[in-house]
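Structural overview for review
Read off the chains here:
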Amino acid sequence: INGVEEKWSTRNDQVLSSSEVTLSLLLNDLCQLSAQYTDAVAYVESMMESQLIAAIGKRLTPNDLEIFVKYHNARLLSPMPQPFSHAIRRPEHYPVGLLSIESNDGENNSIHSHAREVNATSSSLNVPLSAATVLQLTGTQYLHGWMNHRFGASSKNHQLVARARQFSSFILVMGNMVDGST
C-alpha cells in the first residue's frame, strides 16, 4: 500500500485514482482476513464439539435433554410432575373418556405437568352458550402447570387429545376465561 501512491501517480492512462486503488486493496485484504477468521472460528468450534462428544460418549439430542429434565424433576420436585392424562368421568361412575396433551412426534408421549386442586367451595364456572342459555359447570377444579424445555432450534409440537370410550361421549368446552366465574 505504501508504494501504490508512487507507482500509480506515474501512469498516464489512469482510470482510477491512487486513493481508489488503495481502498480496493484494503477491502480485498479485509475480505481475506474475514474468511480466515471464519475458518479459524469454525475449526475451534468443531474441535470443541468433537472433544465434548468424546467426553460425553455421544451426540446429545432433544430427547436426551427431555429424559434428563424428567429424571431430575422427579428427584428434586415434590410432588413430582405427573403425565397430563386424565380420565373423564361422572362422580361414582366409570370413565367415559380420556383427556391428554401429547407430543406430535409420532411417539405420542404425554407431557408431565404439576397439578393442584383449587379449593373453590361453592364456586362454579358459567359458560354462556347463547344470549338466553348459560351452562353452569360445577365440580372439582384443577390448576395445571407445565414447563417446556427446548434444546437448540428444535421444538416439539403438542396436541390436546380427547378420546371417548366405545358407546360413550362427552362434551369438551374450550375457550378463554374472562374472569373467575365465566
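The residue numbering used here restarts from 1 in each chain and proceeds along that chain's sequence as written. Only residues with pLDDT of 70 or above have their local features reported here, since the model is predicted, and side-chain atom pairs are shown and tallied only from 80 upward, although totals for entire chains, interfaces and linings are computed over all residues. Just so you know, side-chain values use all the structure's heavy atoms and leave hydrogens and water out.

Now for the sheet that holds strand S7 (residues 141-145). The strand order across the open sheet built from three strands is S1-S4-S7, with neighbouring strands paired in antiparallel fashion. At either margin of the open sheet sits one strand with a lone partner, and together these are strand S1 (82-83) and S7. Strands are treated as partners if at least two bridges between them are detected by DSSP. Going along the chain from the N terminus, every DSSP run of H or I of four or more residues is numbered as a helix, and every run of E of two or more is numbered as a strand. Across two bridges, the pairing between S1 and strand S4 (residues 112-118) is antiparallel. Bridging across to S4, proline 83 finds its partner in histidine 112.

Two distance rules govern patches: like charges are joined within 9 Å, and nonpolar side chains (Val, Leu, Ile, Met, Phe, Trp, Tyr) within 5 Å, applied only to residues with over 30% relative accessible area and no salt bridge. Accessibility throughout is a Shrake-Rupley quantity obtained with a 1.4 Å probe, and a residue counts as covered only by protein chains that appear here. When a carboxyl oxygen of Asp or Glu is within 4 Å of a side-chain nitrogen of Lys or Arg, the pair counts as a salt bridge. A cluster of nonpolar side chains, contributed by Leu129, Leu135, Leu137, Ile171 and Val173, occupies part of the molecular surface with about 470 Å² of accessible area. As for its placement among the helices and strands, leucine 129 is situated in the loop between strand S5 (125-128) and strand S6 (134-137). Among the residues examined, leucine 129 registers a relative accessible area of 56% and is labelled exposed. Per-residue accessibility, obtained with a 1.4 Å probe over protein chains only, is compared with the maximum for each type, and a residue is labelled buried under 20%, exposed over 50%, and partly exposed between these values.

Following the sequence through the fold, aspartate 64 ends up in helix H3 (residues 62-76). At a separation of 3.1 Å, a polar atom in the side chain of aspartate 64 contacts the side chain of lysine 58. Here a residue-residue contact requires only that any non-hydrogen atoms of the pair lie within 4.5 Å. Leaving out residues up to four positions away in the same chain, aspartate 64 has contacts with Lys58 and Arg59. For this analysis, a polar contact is any N or O atom pair within 3.5 Å, provided that within protein one partner can donate a hydrogen and the other can accept it, and provided that sequence-adjacent residues contribute only side-chain to side-chain pairs.

Bringing helix H2 (residues 18-56) into the picture now. One less than the number of residues in a helix, times 1.5 Å, gives the span that helix is expected to have. For H2, spanning 39 residues, the distance from its first C-alpha to its last is 57 Å, which sits close to the expected 57 Å at 1.5 Å a residue. Buried within H2 we find Ser18, Val21 and Thr22.

Let us look at the pattern of salt bridges. Under the defined criterion, the tally for this structure stands at four salt bridges. The partner of lysine 58 in a salt bridge is aspartate 64, and the shortest N-O contact between them spans 3.1 Å. Of the residues examined, lysine 58 reaches a relative accessible area of 44% and is grouped as partly exposed. Look at aspartate 64 and you get buried, because its relative accessible area is 19%. The partner of lysine 70 in a salt bridge is glutamate 66, and the shortest N-O contact between them spans 3.5 Å. Taken together, the residues lysine 70 and glutamate 66, both in helix H3 and four residues apart, mark about one turn of the helix. Its relative accessible area of 33% is what places lysine 70 among the partly exposed residues. Judged by its relative accessible area of 26%, glutamate 66 falls in the partly exposed class.

Sheet topology note: the S4/S7 ladder contains five bridges and is antiparallel. Bridge pairing in S7 links valine 118 to glutamine 141.

All right, on to the confidence of the model for the protein chain then. Summary of the metric used: pLDDT quantifies the predictor's per-residue confidence within the range 0 to 100. On average, the protein chain scores 83 in pLDDT, and the residues at 70 or more come to 89%. Per-element confidence in the protein chain ranges from a low mean pLDDT of 64 for helix H1 (residues 4-9) to a high of 92 for H2.

Before going further, it helps to examine the sheet that holds strand S2 (residues 85-88). An order of S2-S3-S8 is seen for the three strands of this open sheet, with the pairing classed as antiparallel. If you trace the sheet from one side to the other, it starts and ends with S2 and strand S8 (158-164), each paired once. Pairs of neighbouring strands in the sheet enclose a mean axial angle of 20 degrees, with direction left out of account. Both strand S3 (residues 97-103) and S8 contribute to a ladder of seven bridges, which runs antiparallel. Bridge pairing in S8 places glutamate 102 opposite glutamine 159. Here, axes are lines fitted to C-alpha atoms. For helices the fit covers the stretch in contact, and angles between N-to-C directions go from 0 to 180 degrees.

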